[in-house]
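Descriptive structure summary
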Amino acid sequence: NDGDLDIISSSNTTFTNNTNYVTKIYKNDNGSFSDANSNTLTLVGLSSLADYDNDGDLDFLVLGGDGVTYSSSFFENKLIAGSVPLASNANQVPAAPGNLHSSISGNSVTLNWDKATDAETPQNALTYSLRIGTTSGGNDIMSSSSLANGYRKVVAMGNTQTYNNNGSFSRNCLPSGTYYWSVQAIDNGYEGSAFAAEQSFTISNSGPSLVNLSPTNNAVNVTASTNLIVTFSENIQKGTGFINLRETATDSLVESFNVASSPLLTINNAILTINPTNNLQGGTSYYIEIPTTAFYDLTVCKINYGGTLTKNTWTFTTAGTLQTITFNSLITKTFGDPTFTLTATASSGLPIIYSSTNQNVAVVNGNVVTIVGPGTTTIEASQGGNGIYLPATDVSHTLLVNKAPQTITFNDNLSAINSNSAPFSLHATTTSLLPITYTSSNPAVAVVNGNVVTVIGTGTAVITAIQGGDNDYLPATSKNNNLTISVATAVISGMNVGNYELFPNPSEGIYFIKGDIREGAKVELTNSQGISKEILIGKKDYNLYVVDITTEAAGLYFITITTSDENPLRFKLINFK
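What follows is about the pattern of salt bridges. Enumeration over the complete set of coordinates arrives at 5 salt bridges. As a salt-bridge pair, glutamate 289 and arginine 246 come within 2.9 Å of each other at their nearest N and O atoms. Of this pair, glutamate 289 sits in strand S24 (residues 285-289) while arginine 246 sits in strand S20 (residues 242-247), placing them 43 residues apart in sequence. Notably, a salt bridge pairs glutamate 524 with lysine 522, separated by 3.7 Å at the nearest N-O pair. Here glutamate 524 falls in the partly exposed class, since its relative accessible area comes to 26%. Judged by relative accessible area, which is 38%, lysine 522 ranks as partly exposed.

Shown next, in the form of structure tokens:
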């Protein structure tokens, strides 16, 4: 225990047979070695030194044998003067190192301290055990293999050696943070000193950081063909992982870029450019994911980009894509034409919305137009866009709807009409179903009221059917029908003249009918407008009846007498009043 390192040797001395096994101790006296065995150990094997009994000197263990038997042997080291151990000769622990200090460069640190001293081990033979941790007293960065009080848990030199100079140790590429450290001296007896007073240092170089994003976070109206650019705080080099471009609404992956190999990623000093394969969709929100392993600084430490870009840190929305509407001019329509379909299209493929400015001319349901009436209206085609496309410019065209033509059919047979004919109706029709107006060219022969013709006298009259049109229809071409009235051969229809007689005629409202009118007969009076009403006749004498129409206006009238078993009697009379 003089501070010099001794030697234990275990070997076979003959090399020709396996019989001479010896283990010897050679004592080092200031560089001069001598055999210290009072008795040679006749076994050979693995030897290990340790202060087994913690008395300040090294004991040793030999694991081996003599070629025949094998065993382990433990040898306790006793420093004896006479027969009493000399505690004063026990190994003394070294003094703790002093003057601890550190220097930092980027992500590297150099730790320095002054050499310690020891009573037995020369100063230049001392080694040092260093601990570094992220907490006070911690060993998670570098372990000292010692307890907090300096007691060694291993029989070994310290993890740091120094010789002619003061103690020094460098650690590179540490992440940013605060670190705690201390050091102890280890002598040749593998005894550790107390730890020096704990020191700390802080690494604040976090590697590349973001300076600028283009487009910026939450930007809108971004051009769909734009490149995506990231500017870092320092020059960078590619790392590993994937940069992902995703749609914000669904998180669906649009494109993934391999950081190490993608030609779509280019670096110019501190600027990263991402060039997507295809233009982005218009009116769509996107976000970029960049992992922490994607980029490093240019130092040997390769400090990675310290943050991450995610959905919440780099999101932008592209401007909507322009779209146009193709809408051809509209052909002129006529009232009554069937519905027709509009065929405008949008370059986006999105559906077209139509509208009509004049609902009295045409209405639009979806893309189907229904004509309501003649006139003009503007049909407008619009497309309001969506999340991808901008609203299109509306396109309008004028729709002209003309009035519809119409024709009159007037086929009434007027050849059987004579001077004794009762008023009769006309039955002309028009394709528009609009009402017909009639005129008589000779009111002395016949007059028309509505569609009822009353014969006035003999001669010829032209009955004309007229339809003058309305808001929807053009005037129809008038149709004529000739009416020729001749004198009737009898005043009574269907009976012999000799059986009945009406007199006087004309009269001032009092008429007499001579003949046998049976009881229960129905008597009707019809004016020239064809309006009929039932009247009563009085019996004046045998087969003589009185008709009183003095309350009626002057004009032409017909009296019709109807019984259940005879044909009607029809008299034409003129009331002068």
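Right, let's get into the environment of asparagine 451. The topology assignment puts asparagine 451 in the loop between strand S40 (446-449) and strand S41 (452-455). Judged by relative accessible area, asparagine 451 falls into the partly exposed class, the value being 32%. Sequence-wise, asparagine 451 and threonine 437 are 14 residues apart; in three dimensions their C-alpha atoms are separated by 7.4 Å. Setting aside chain neighbours within four positions, we find asparagine 451 in contact with Phe424, Ser425, Leu426 and Tyr438.

Before going further, it helps to spend a moment on the nonpolar core. Residues Ile243, Leu272, Ile288, Ile290, Phe295, Trp314 and Phe316 are the most contacted members of the largest nonpolar core, which totals 24 residues. It is strand S18 (residues 228-232) that provides the largest number of residues to this core, a total of 3 residues. Within the second largest apolar cluster, 22 residues are counted, among which are Leu342, Val369, Ala392 and Leu434.

With that settled, the discussion passes to the confidence of the model for the protein chain. Taken residue by residue, the protein chain gives an average pLDDT of 86. The fraction at 70 or more is 86%. Taken as a whole, residues 489-498 scores under 50 in pLDDT and shows 15 contacts with residues more than four places along the chain or in a different chain.

Before going further, it helps to examine the state of the cysteines. Covalent bonding between the sulfur atoms of two cysteines is what defines a disulfide. Taken as a whole and assessed by the stated rule, the structure comprises 1 disulfide. Residue cysteine 173 pairs covalently with cysteine 301 via a disulfide, S to S 2.2 Å. Its S-S torsion of approximately -85° makes the covalent link between cysteine 173 and cysteine 301 left-handed. Taken as a pair, cysteine 173 in the loop between strand S13 (167-171) and strand S14 (177-186) and cysteine 301 in the loop between strand S25 (295-296) and strand S26 (315-318) lie far apart in primary sequence, 128 residues in all. The class for cysteine 173 is partly exposed, based on a relative accessible area of 29%.

This paragraph deals with the packing of aromatic side chains. Across all of its chains, the model carries 11 aromatic pairs by this definition. Judged by centre distance (5.6 Å) and plane angle (55°), the rings of phenylalanine 232 and phenylalanine 295 are tilted. Of this pair, phenylalanine 232 sits in strand S18 while phenylalanine 295 sits in strand S25, and the two are 63 residues apart along the sequence. Side by side, phenylalanine 232 and phenylalanine 295 carry an identical accessibility label, which is buried. Arranged with centres 5.5 Å apart and planes meeting at 75°, the rings of phenylalanine 232 and tyrosine 305 form a pair that is edge-to-face. A residue pair is termed long-range when its members are at least 10 positions apart, and phenylalanine 232 in strand S18 and tyrosine 305 in the loop between S25 and S26 qualify at 73 residues. According to the relative accessible area criterion, phenylalanine 232 is buried, its value standing at 4%. Tyrosine 305 sits in the buried class, given a relative accessible area of 3%. Each member of the aromatic cluster is reached from another via a ring pair, and the members are Trp113, Tyr128 and Trp181.

The strand order across the open sheet formed by 3 strands is S29-S33-S32, and the pairing between neighbours is antiparallel. Edge positions in the open sheet fall to strand S29 (340-341) and strand S32 (362-365), since each of these has one partner strand only.

Next up on the list: the environment of alanine 446. Note on placement: alanine 446 falls in strand S40. By relative accessible area, alanine 446 is classed as buried at 0%. Residues alanine 446 and glycine 457 lie 11 residues apart in sequence; the distance between their C-alpha atoms is 6.9 Å. Here alanine 446 is in contact with Ser440, Val453, Thr454, Val455, Ile456 and Leu483, once residues within four sequence places are set aside.

Conventions adopted
Residues numbered from 1 in each chain as written. Predicted model: local features only at pLDDT ≥ 70, side-chain atom pairs only at ≥ 80, totals over all residues. Heavy atoms only, no water. Salt bridge = Lys/Arg side-chain N within 4 Å of Asp/Glu carboxyl O. Helix = DSSP H or I, 4+ residues; strand = E, 2+ residues; numbered from the N terminus. Buried < 20%, exposed > 50% of the residue type's maximum accessible area, 1.4 Å probe, protein only. Contact = heavy atoms within 4.5 Å. Core = buried A, V, L, I, M, F, W, Y, C linked by side-chain atoms within 4.5 Å. pLDDT = per-residue confidence, 0-100. Disulfide = S-S within 2.5 Å. Phe/Tyr/Trp six-rings, centres within 6.5 Å; stacked < 30°, edge-to-face > 60°. Pairing = 2+ DSSP bridges.

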